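Observations on the three-dimensional arrangement
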Amino acid sequence: VESRGLGDVYKRQILIIYFTDYIDIRHPSSYTIHANKYQDLHDKLSNHKGEQQMLKQIKNFLIMTLSITIMAIGVYYFKFPNNFTFGGVTGAAVVFAKITPLSASMFSTIVNMLLLVVGFFFLGKDFAIKTTYATILLSVELLVLEKLDPLTHPLSNEPMLELIFAIALPAIASALLFYVGASS
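All of these numbers come straight from a predicted model, not from anything done at the bench.

**Points about the environment of D149**
With respect to the helices and strands, D149 occurs in the loop between α5 (125-148) and α6 (159-179). The partly exposed category is assigned to D149, whose relative accessible area is 29%. Contact partners of D149, with chain neighbours within four places excluded, come to Y76 and Y77. Polar contacts involving the side chain of D149 include one to the side chain of Y77, which spans 2.9 Å.

In structure tokens, the structure reads:
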């Protein structure tokens, strides 16, 4: 059962207050006239609720896009060139890139697509759609970064500094993704 929330209760109270001012109990004919006004007002509120949901979805996808860009930068510029392996698909990608002819980005893309297919059977529809978007975007961004700016060595001679960025950027991005109900 879906929770209607306090917002709907509040709207109903406003409607009750609004219509009790106009309905005359002694004249039943006023019920019909005001029922039509109620339906018009209800339709306006329903349309507004749909617009709010659309804006929320747009906001969520903008947050997801920003978080994936942050994650891609952290993974590509700090994790891959330093061969940092933490776990997960990108951690495995670092290892497999060293022992196979596949690049870390290509390995991440292949494994992520396979996991998405499996995930559709076990995750809820909303979570699966958001995770699919995030995973595909991360894979595409890693491939684009690999083509636009091929790295042959780490950005600096400070591995501890790069380790901090390799951890912090994907962590911040993951927190943003979890906030909107997605994963990468």
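**Comments concerning the nonpolar core**
Membership of the largest hydrophobic core comes to 26 residues, with the highest contact counts inside it found for I68, M71, Y76, F80, L138, L142 and L177. Counting residues per element, the ones that place at least two in this core are α2 (29-79), α3 (88-99), α4 (104-122), α5 and α6. No other element matches α2, which puts 9 residues into this core. Setting aside chain neighbours within four positions, we find L142 in contact with A72, V75, Y76, F80 and S105.

**Remarks on the pattern of salt bridges**
Here the structure, examined in full by the defined rule, presents 1 salt bridge. Salt-bridge contacts for K130 lead to D126; the nearest nitrogen and oxygen are separated by 3.6 Å. One end of the pair, K130, and the other, D126, are both in helix α5, 4 residues apart, so they sit about a helical turn from each other. On the basis of relative accessibility, which here comes to 5%, the residue K130 falls in the buried class.

**Observations concerning the side chain of T132**
Structurally, the position occupied by T132 is in helix α5. Look past the residues within four positions of T132 in its chain and what remains in contact with it is L116 and F120.

**Some points on the packing of α4 against α5**
Angle between the axes and distance between the axes: these two values describe a pair of packed helices. One can describe the packing of α4 onto α5 by two numbers: an axis separation of 9 Å at closest approach and a directional angle of 170°. As judged from the angle between their axes, α4 and α5 are roughly antiparallel. On α5, the residues touching S105, M106, S108, T109, N112, M113, L116 and F120 of α4 are A128, T131, T132, T135, I136, S139, L142, L143 and E146. Residue composition of the contact of α4 with α5, by class: 8 nonpolar, 8 polar and 1 charged.

What counts and how
- Residues numbered from 1 in each chain as written.
- Predicted model: local features only at pLDDT ≥ 70, side-chain atom pairs only at ≥ 80, totals over all residues.
- Heavy atoms only, no water.
- Helix = DSSP H or I, 4+ residues; strand = E, 2+ residues; numbered from the N terminus.
- Buried < 20%, exposed > 50% of the residue type's maximum accessible area, 1.4 Å probe, protein only.
- Contact = heavy atoms within 4.5 Å.
- Polar contact = N/O pair within 3.5 Å; in protein donor to acceptor, adjacent residues only side chain to side chain.
- Core = buried A, V, L, I, M, F, W, Y, C linked by side-chain atoms within 4.5 Å.
- Salt bridge = Lys/Arg side-chain N within 4 Å of Asp/Glu carboxyl O.
- Axes fitted to C-alpha atoms, helices over the stretch in contact; angles between N-to-C directions.
- Parallel < 35°, antiparallel > 145°, perpendicular 65-115°, else oblique.
- Nonpolar A, V, L, I, M, F, W, Y, C, P; charged D, E, K, R; others polar.

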